[in-house]
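The chain contents come next:
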2 protein chains.
Amino acid sequence: MEQIKVVQAWRVKDGCREEITDPVIAEAPLTIYFNERELVTLLCTPEHLDELAVGFLHSEGLLAAREDFRSVRVDVENGLVWVEGKEKVLAGQTFLKRYITTGCGKGTSFYSFHDTTSQPVKGNVKVSPETLLELMRRVQQGSELFARTGGVHSAALCSTDDIVLFRDDIGRHNAADKIIGRCFLDGLSVEDKIFLTSGRISSEILLKTAKAGISVLVSRSAPTALAIEIAEQVGVTVVGFARGSRLNIYTNPLRVTEQEVAGS
Amino acid sequence: MEQIKVVQAWRVKDGCREEITDPVIAEAPLTIYFNERELVTLLCTPEHLDELAVGFLHSEGLLAAREDFRSVRVDVENGLVWVEGKEKVLAGQTFLKRYITTGCGKGTSFYSFHDTTSQPVKGNVKVSPETLLELMRRVQQGSELFARTGGVHSAALCSTDDIVLFRDDIGRHNAADKIIGRCFLDGLSVEDKIFLTSGRISSEILLKTAKAGISVLVSRSAPTALAIEIAEQVGVTVVGFARGSRLNIYTNPLRVTEQEVAGS
């Protein structure tokens, strides 16, 4: 399925109207079946659908570990994907429901199933601000879909040297789930990796990446107060507004090292 | 509940690190109960929660008309809202499920419940490109939350003269639902109105606004191919990339008039 569709449009610029052809980003529904049960329909950029489905299920706590997974089958044409897990793992009433836990120490209302299974992250990357800004530049330049259509968010899993996995999607949550799904399917370690996103850092992105075990989350945009609060509890380093020559570190700042000194 | 929380952060700029206090946008879960049944938890900017809940239910087809609505009650502190509708209207298995209709003429896979109830829009606004660009400037300048935190999307319902309703939220869908909810609660006519959003025009935003009866949808960002396709079917004018002195018209271009001539 094509990721870009060329449409007819009319451009008005400084009062002049002209007919143009314009590339716009594809958007398609993907319905996920888990253990033969219809679970949810996402709207996405229709590629890497196996990753998206598996990443989504992992983020939602329905595929907790690799051994819970059996198979994934995609019908690209009709936007359907079937994931099979261990029979005992069922998409039950917990899905999309809110859980308010008591006694969590800080009075936070945890709001969904996967929150309650979040553990402090184990990764302990050390990375300089210059490296983060250089990686963000590459992520921004790396999306051909964005350059052509302006209609996608990008996400990247990076080492402290380079981009390891890059995905874009009309939804920033989907881009994250595609990366998480690829790591899950390939058994790729993320504890030594950094996650970069073009979108804001909401609690959902924070929880998705923390649950996957990622300890450094970087955005060129803003974080929310709830994302910062959860990041403090699960030990994630949140970096926002990483653009040009500046960035803000919101939590766990020691993973972002001081300026590299020449010759060190 | 405060919309902004001031946090401690570290700003790194051109290699220098300094400790700052930074205002970040609040994010809170809102759990919607419809006819005493827990339906869904949204993450939002915690204001105008009655509008958000009612607008969401209307967009999802669960509160089709004003006479289906009985009451709304909000617990701001705990992020809970209870909406009562006519007893016969139940949040059944249709919610969040995908519907693939056959025989819809163009081979489109309709993907959710509200699609199947979408009717062609009735509104027939005429507006000049200059007016749309001026309204978009006001929307961009109108968000104090964006100016302070960079963390919200804005949406506005406008006449051809000015902004009538303005809402911002961490989620662009929520901002739209808040406006739709206010119109629903007040019985405000939208057929002569224009809807502006800072976010992309996805199929979801298109369907929400079309279902509400809005005929002109304007964004400073990109539309998706699916949004354009549905806009053609339901008769909505889609305008994208409305920034500075330019914009692109994607569908039903006659509602956007030619340049206004001095003295006309």
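Residues numbered from 1 in each chain as written. Chains lettered and ligands numbered in written order. Predicted model: local features only at pLDDT ≥ 70, side-chain atom pairs only at ≥ 80, totals over all residues. Heavy atoms only, no water.

J.: Is there a simple way to explain the relation of the copies chain A and chain B in this structure?
T.: For the pair of chain copies, the relating operation is a rotation around an axis with a shift along it. With an RMSD of 0.0 Å, chain A superimposes on chain B once it is rotated by 180° and translated 0.0 Å along the axis. Those values place the two copies in the arrangement expected of a two-fold rotation axis. When the interface residues of chain A are mapped onto chain B, 100% of them again lie at the interface, so the same face is used by both copies. (Least-squares fit on C-alpha atoms with pLDDT ≥ 70 in both. Contact = heavy atoms within 4.5 Å.)

J.: What is the right way to look at the packing of aromatic side chains in this model?
T.: For any pair of aromatic rings, the description consists of the separation of the ring centres together with the inter-plane angle of the planes. For the coordinates displayed, the defined rule picks out 4 aromatic pairs over all chains. Between Y33(B) and W82(B), the ring centres sit 5.7 Å apart and the planes meet at 20°, which makes this aromatic pair stacked. On the criterion of sequence distance, the pair formed by Y33(B) in strand β3 (residues 28-34) and W82(B) in strand β6 (residues 80-85) is long-range, its members being 49 residues apart. For the pair Y33(B) and W82(B), a shared accessibility class is recorded, and that class is buried. The ring of W82(A) carries the charged tip of R73(A) above its face, separated from the ring centre by 4.3 Å. (Phe/Tyr/Trp six-rings, centres within 6.5 Å; stacked < 30°, edge-to-face > 60°. Helix = DSSP H or I, 4+ residues; strand = E, 2+ residues; numbered from the N terminus. Buried < 20%, exposed > 50% of the residue type's maximum accessible area, 1.4 Å probe, protein only. Lys NZ or Arg CZ within 6 Å of the ring centre and 35° of its normal.)

J.: I tried to follow helix α5 (residues 203-212) of chain A on my own but got confused; where do I start?
T.: A turn of α-helix holds 3.6 residues, and therefore any two residues three or four places apart point the same way. Judged by how many residues are buried, α5(A) sits mostly within the fold: 7 of 10 residues are covered. Just past α5(A), the residue G213(A) takes up positive phi, approximately 105°.

J.: Mind showing me how you'd approach the side chain of S203(B) here?
T.: Of note, S203(B) is situated in helix α5 (residues 203-212). Looking at S203(B), its side chain comes within polar contact range of the side chain of E27(A), at 2.8 Å. (Polar contact = N/O pair within 3.5 Å; in protein donor to acceptor, adjacent residues only side chain to side chain.)

J.: I would appreciate a short explanation of the confidence of the model for chain A in the present structure.
T.: Low pLDDT marks stretches whose predicted atomic positions should not be read closely. All names here are of chain A. For chain A, the average pLDDT comes to 87, and 86% of its residues sit at 70 or higher. For residues 100-110, every residue scores under 50 in pLDDT, and the model assigns this stretch 14 contacts once sequence neighbours within four places are set aside. Scored by ipTM, the complex comes to 0.88, with pTM at 0.89. (pLDDT = per-residue confidence, 0-100.)

J.: Please explain the pattern of salt bridges as it appears in this structure.
T.: Pairing between side chains of opposite charge can happen when their charged atoms approach one another. Under the counting rule described, the total for this entry stands at 20 salt bridges over all chains. Of the charged contacts, one joins E51(A) and R182(A) as a salt bridge, the two residues approaching to 3.1 Å between their closest N and O atoms. With E51(A) in helix α1 (residues 49-59) and R182(A) in helix α4 (residues 172-186), the pair connects residues that are 131 residues apart, well separated along the chain. The buried category is assigned to E51(A), whose relative accessible area is 1%. Of the charged contacts in the structure, one is a salt bridge between D192(B) and K193(B), with a shortest N-O distance of 2.8 Å. (Salt bridge = Lys/Arg side-chain N within 4 Å of Asp/Glu carboxyl O.)

J.: Help me out: how do you make sense of a nonpolar patch on the surface in this one?
T.: Residue and element names in this part refer to chain A. Taken together, M1, V74 and V76 make up a surface patch of nonpolar side chains, about 250 Å² in accessible area. Mapped onto the fold, M1 is located in the segment before β1 (4-13). Accessibility expressed as a relative area gives 58% for M1, which makes it exposed. (Patch = residues over 30% accessible without salt bridge, like charges linked within 9 Å, V, L, I, M, F, W, Y side chains within 5 Å. Areas by Shrake-Rupley, 256 points an atom, 1.4 Å probe, with all protein chains shown as cover.)

J.: How do you make sense of α4(A) when you look at a structure like this?
T.: All names here are of chain A. For α4, which comprises 15 residues, the first-to-last C-alpha distance of 22 Å matches the rise-based estimate of 21 Å (1.5 Å per residue) to within 8%. Of all 15 residues in α4, 12 are buried; the element is thus mostly enclosed. Where α4 is concerned, the buried positions are R172, N174, A175, A176, D177, K178, I179, I180, G181, C183, F184 and L185. Residue G187 follows α4 closely and has a positive phi angle near 65°. (Expected span 1.5 Å × (residues − 1).)

J.: I'm lost on the packing of α4(A) against α5(A) in this one. Help?
T.: Describing two packed helices takes the angle between their axes plus the distance from one axis to the other. Residues and elements named next belong to chain A. Where α4 meets α5, the axes come as close as 10 Å, and the angle between the chain directions of the two elements is 5°. Comparing their axes, α5 and α4 come out roughly parallel. Here R172, H173, A176, D177 and I180 of α4 come into contact with α5, specifically with E204, I205, K208, T209 and A212. Residues belonging to the contact of α4 with α5 are distributed by class as follows: 4 nonpolar, 2 polar and 4 charged. (Axes fitted to C-alpha atoms, helices over the stretch in contact; angles between N-to-C directions. Parallel < 35°, antiparallel > 145°, perpendicular 65-115°, else oblique. Nonpolar A, V, L, I, M, F, W, Y, C, P; charged D, E, K, R; others polar.)

J.: Where do I start with the sheet that holds strand β8 (residues 163-169) of chain A in this structure?
T.: Within a sheet, neighbouring strands are paired by backbone hydrogen bonds and run either parallel or antiparallel to one another. Read across the sheet, 8 strands follow the order β8(A)-β7(A)-β9(A)-β10(A)-β11(A)-β12(A)-β1(B)-β2(B) without closing on themselves; strand pairing throughout is mixed. The strands lining the two open edges of the sheet, one partner per strand, are β8 of chain A together with β2 (16-25) of chain B. Averaged over all pairs of adjacent strands, the angle between their axes in this sheet comes to 25°, without regard to strand direction. Here strand β10 (residues 216-219) of chain A runs beside strand β11 (residues 237-243) of chain A; their pairing, made up of 3 bridges, is parallel. Each residue of the ladder has a partner; that of V218(A), found in β11(A), is V239(A). Taken strand by strand, α4(A) contacts β7 (153-158), β8 and β9 (194-197) of chain A, and its axis lies near 140° from that of β8(A). (Pairing = 2+ DSSP bridges.)

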